[in-house]
Each structure stands twice: as C-alpha cells, then as structure tokens.
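Chain by chain, the residues run as shown.
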Amino acid sequence: MMAGKVMETEEQNRIRFQVELEFVQCLANPNYIHFLAQRGYLKEQPFINYLKYLQYWREPEYARYLKYPMCLHFLELLQHEAFRRECVSAQVCKFMDDQAILLWQHYTRRRTRTLQPPDAPAAPAPPAPPQQGPPRQQS
C-alpha cells in the first residue's frame, strides 16, 4: 500500500456508489435543494467541491443507474454560484417545483403517445353522461 493512499475494498466502493447515487437523485427534488440552501450547505466550499466531484454521474455508464434524470439538470445548475444563492428563496423553490411537475406531466403524455403503435386504435372515448336521471320505478 502506498503512503497516504488508502485502498477501498469492493464492499466500500459499492456502498459509496449507492450513497452517491441516492444523494444525486435527491437533487431532482427542488424542496431538498431548498433545504440544503437554507442550512447553508450551498455556501460551504467542501460541499461545492463535492457537487463538482459528482459531475461524473453525467457519464453514460453512471447515468444509466439514475431513476430521476432531472437530477443531472439540477446538478449542473448547482455548479453556478448565482443559482446556489437563489435556492434559499421559497419562491424560487416553488417555481422550480412547478416547472418540474409540468415537465413530468408533458413527458408522461408524450411518452405514452410515442410508445403507442401507430396502427393501434385510439383509446375509446369516455361514455357520454346520461341525458336524464336514473329511471324511476313505477309503483
């Protein structure tokens, strides 16, 4: 073993991978970013350095493990000091959250249309509401 270098075991590497994967995916949640900003983490240089280190998740061999790819967009935005400063604001957090929801809604609808085969019949229209109330029983 070299002086100053500690070799990680395979188990330690696996645990570090899981922890970093979980943390990076948490960045897809604007409320979590707001929480970090409120606690002052986004001002601390060691934390900023950690965010820079996590950029390796943008590489395809790592990105394929992400369930919430929007986290990569927020990870990129967190590289900028101006964005980190604005994350303290509850209004900015709410705006980011609203935009993320709109994107997910649009993505889901678009994906559904894309995955539907072109020759598949259109989804049936919902039934029309009854013209009159329920039939009355005669006494």
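Criteria and cut-off values
- Residues numbered from 1 in each chain as written.
- Predicted model: local features only at pLDDT ≥ 70, side-chain atom pairs only at ≥ 80, totals over all residues.
- Heavy atoms only, no water.
- Helix = DSSP H or I, 4+ residues; strand = E, 2+ residues; numbered from the N terminus.
- Buried < 20%, exposed > 50% of the residue type's maximum accessible area, 1.4 Å probe, protein only.
- Areas by Shrake-Rupley, 256 points an atom, 1.4 Å probe, with all protein chains shown as cover.
- Core = buried A, V, L, I, M, F, W, Y, C linked by side-chain atoms within 4.5 Å.
- Contact = heavy atoms within 4.5 Å.
- Patch = residues over 30% accessible without salt bridge, like charges linked within 9 Å, V, L, I, M, F, W, Y side chains within 5 Å.
- Salt bridge = Lys/Arg side-chain N within 4 Å of Asp/Glu carboxyl O.
- Phe/Tyr/Trp six-rings, centres within 6.5 Å; stacked < 30°, edge-to-face > 60°.

## Concerning the overall build of the chain
Each helix and strand in the chain was counted, giving seven helices and zero strands. In the chain, the succession of α and β elements from N to C terminus is α-α-α-α-α-α-α. Counting across all 139 residues of the chain, residues that qualify as buried make up 24%. Only carbon and sulfur atoms are counted for the fraction: they give 57% of the accessible area of the chain, which is about 11,200 Å².

## Let's talk about the nonpolar core
If you look at the biggest cluster of nonpolar residues, it comprises 25 residues, and the most contacted ones within it are Leu27, Leu42, Leu51 and Trp57. Within the residue set of this core, elements represented by two or more residues are helix H1 (10-26), helix H2 (30-38), helix H3 (45-53), helix H5 (70-77) and helix H7 (90-115). The element contributing the most residues to this core is H5, with five residues. With near-sequence residues (within four places) excluded, Trp57 lies in contact with Phe17, Glu20, Leu21, Val24, Tyr62, Ala63, Tyr65, Leu66 and Leu72.

## Comments concerning the environment of Gly40
Its location among the elements puts Gly40 in the loop between H2 and H3. Under the relative-accessibility criterion, Gly40 is labelled buried at 19%. Through-space distance from the C-alpha of Gly40 to that of Arg85 is 9.8 Å; in sequence the pair is 45 residues apart.

## Looking at a nonpolar patch on the surface
On the surface, Ile101, Leu103 and Trp104 cluster together into a nonpolar patch covering about 270 Å² of accessible area. Considering the arrangement of structural elements, one finds Ile101 in helix H7.

## Looking at the packing of aromatic side chains
One pair of aromatic rings is described through two measures. These are the centre distance and the angle between the planes. In the structure shown here, the tally under the stated rule is twelve aromatic pairs. An angle of 45 degrees between the planes, with centres 5.7 Å apart, marks the rings of Tyr41 and Phe47 as tilted. When its relative accessible area of 37% is taken as the criterion, Tyr41 is described as partly exposed.

## Structural notes on the pattern of salt bridges
A full pass over the atoms with the stated rule returns three salt bridges. A salt bridge links Glu20 to Arg16; the nearest nitrogen and oxygen atoms lie 3.7 Å apart. Here the residue Glu20 and the residue Arg16 both occupy positions in helix H1, the gap between them amounting to four residues, near one helical turn. Taking the relative accessible area as the measure of exposure, Arg16 reaches 33% and is therefore partly exposed. Ionic pairing is found between Arg85 and Glu81, a salt bridge with its closest N-O pair at 3.4 Å. Of this pair, Arg85 and Glu81 both sit in helix H6 (residues 81-86), four residues apart, which is roughly one turn of the helix.

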